[in-house]
Amino acid sequence: MTKPQITPEFYFQNRRVFMKYGITFGMLMLLPKTIFAGDAKKSSIYTLPKDLNLTKEDVATSYNNFYEFSLEKDGVKPKAEKWSLDAKSWRIEISGLVENKKSFSVNELIEMAGGVEERVYRFRCVEGWSMVVPWTGFSLAKLIEKLKPTKDATHVQFQSMSDAKVFTNIKSLPQYPWPYTEGLTLPEAKNELTLIATGMYGKDLPRQNGAPLRLVVPWKYGFKSIKSITKIEFTKSQPKTLWNQLAPDEYGFYANVNPEVAHPRWSQASEKILDKSFLPKRKPTLLFNGYEKEVAALYKNLDLKKNI
Ligand code: MTE
């Protein structure tokens, strides 16, 4: 049996229909599977470190610190998954000592920063565990250029969303100074490494990892990498941060990864490589988490032992 041929007349008369559906189908094939992480080019500089492996995606997305949801590492994801987040209508308010004071959508910020790229970074938590994660995001420096801080601005403060209907654990921690806040000096915020992440592992950021956008500061302990940001304010003094207010002797404003400065309750000389094995491997911790070349100049006049 031969297939019935489509006659030239039939095709000719219906070519608009063929073209319409052909094009629509083609466009569907091209549509990114994500909203914010779709067509990220891989960074040529920040690729997988030679001596390390990428942390498995299911480990990095199910072992979380996000106290607004839960204090248990594995309790965050199940709670966060119930959050009906509408990432497209999320707004980020830009305020303080800056010309471009306005509230923006995530896509507007991505556009202003010139698009997203994928960077593989080491990530070290102050608790002593570490991961290697492929983040998708944009350089905060590029965004800051467009936002135009005034000449008086010296610092940047970030604030997380604090809707207690979503972040149900806020109610059980009344002593915590919510909303979660973090801060950087302006030169730190403008360092090439400082990333606003909108995705990981080639997908949009999962809610438990700080959707729809979070900070990633890979040379600092993980608590600086604030999740689910709704406000960015430019200030003329060091801003208050949640952990520093709660326990200033344990969590400084700088929080640079440093194997020689122990946490008051444990050593920071080595770290556990996060994976699912029964006996996870450890490795020595590196100064600035291995990013000395990029950031050491920021601290040349600072005593890192005093300014924790
Ligand atoms: N941001 C908010 N809003 N709330 C938090 O509890 N925890 C911080 C940081 N950002 C936290 C946060 C800490 S302590 C760490 S180690 C990282 O998020 C963990 O990020 P991850 O869950 O994506 O690994």
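Residues numbered from 1 in each chain as written. Predicted model: local features only at pLDDT ≥ 70, side-chain atom pairs only at ≥ 80, totals over all residues. Heavy atoms only, no water.

Chemist: What is the right way to read the environment of Thr154 from this model?
Modeler: Note on placement: Thr154 falls in the loop between helix 6 (140-147) and strand 6 (155-160). Remark: the alpha-carbon pair of Thr154 and Thr235, spanning 81 residues in sequence, is separated by 6.1 Å. When sequence neighbours within four positions are dropped, the list of residues in contact with Thr154 reads Thr185, Leu186, Pro187, Thr235, Lys236 and Ser237. Separated by 3.4 Å, the side chain of Thr154 and the backbone oxygen of Lys236 make a polar contact. (Helix = DSSP H or I, 4+ residues; strand = E, 2+ residues; numbered from the N terminus. Contact = heavy atoms within 4.5 Å. Polar contact = N/O pair within 3.5 Å; in protein donor to acceptor, adjacent residues only side chain to side chain.)

Chemist: What am I meant to see in the site of the ligand here?
Modeler: Residues in contact with the ligand amount to 18 residues; listed here are only the nearest, Tyr67, Glu68, Asn209, Arg214 and Lys227. Contact between the ligand and Asn64: an oxygen atom at 3.0 Å from a side-chain N or O atom of the residue. Arg214 is positioned such that a nitrogen or oxygen atom in its side chain is 2.7 Å from an oxygen atom of the ligand. Taken together, the residues of the shell around the ligand break down into nine nonpolar, six polar and three charged. (Near = heavy atom within 4 Å. Nonpolar A, V, L, I, M, F, W, Y, C, P; charged D, E, K, R; others polar.)

Chemist: Honestly, the packing of aromatic side chains in this entry has me stumped. Any pointers?
Modeler: Geometrically, a pair of aromatic rings is defined through the distance of the ring centres and the angle of the planes. Scanning all chains against the criterion turns up 20 aromatic pairs. Measuring from centroid to centroid gives 5.0 Å for Phe69 and Phe167, while their planes differ by 80 degrees, and the two rings are edge-to-face. In this pair, Phe69 is assigned in the loop between helix 3 (57-60) and helix 4 (76-80) and Phe167 in the loop between strand 6 and strand 7 (181-185), connecting sequence segments 98 residues apart. Grouping residues by exposure puts Phe69 and Phe167 together as buried. Ring-pair connections join several aromatic residues into one group, and the members of that group are Tyr67, Tyr176, Trp178, Phe223, Trp243 and Tyr251. Taking NZ or CZ as reference, Lys224 lies 4.2 Å from the ring centre of Phe253, over its face. (Phe/Tyr/Trp six-rings, centres within 6.5 Å; stacked < 30°, edge-to-face > 60°. Buried < 20%, exposed > 50% of the residue type's maximum accessible area, 1.4 Å probe, protein only. Lys NZ or Arg CZ within 6 Å of the ring centre and 35° of its normal.)

Chemist: Help me understand the nonpolar core, please; the structure alone is not making it clear to me.
Modeler: One recurring pattern in soluble globular proteins: nonpolar side chains tend to sit buried together. Core analysis: the biggest nonpolar cluster contains 81 residues, and Ile92, Trp135, Phe158, Leu215, Ile229 and Phe234 have the highest contact counts within it. Broken down by element, this core gets its largest block of residues, five residues, from strand 5 (residues 129-139). Sequence-distant contacts of Phe234, that is, excluding residues within four places in its chain, are made with Ile94, Ser95, Gly96, Leu97, Val98, Ile144, Leu147, Pro149, Ala153, His155, Val156 and Leu186. (Core = buried A, V, L, I, M, F, W, Y, C linked by side-chain atoms within 4.5 Å.)

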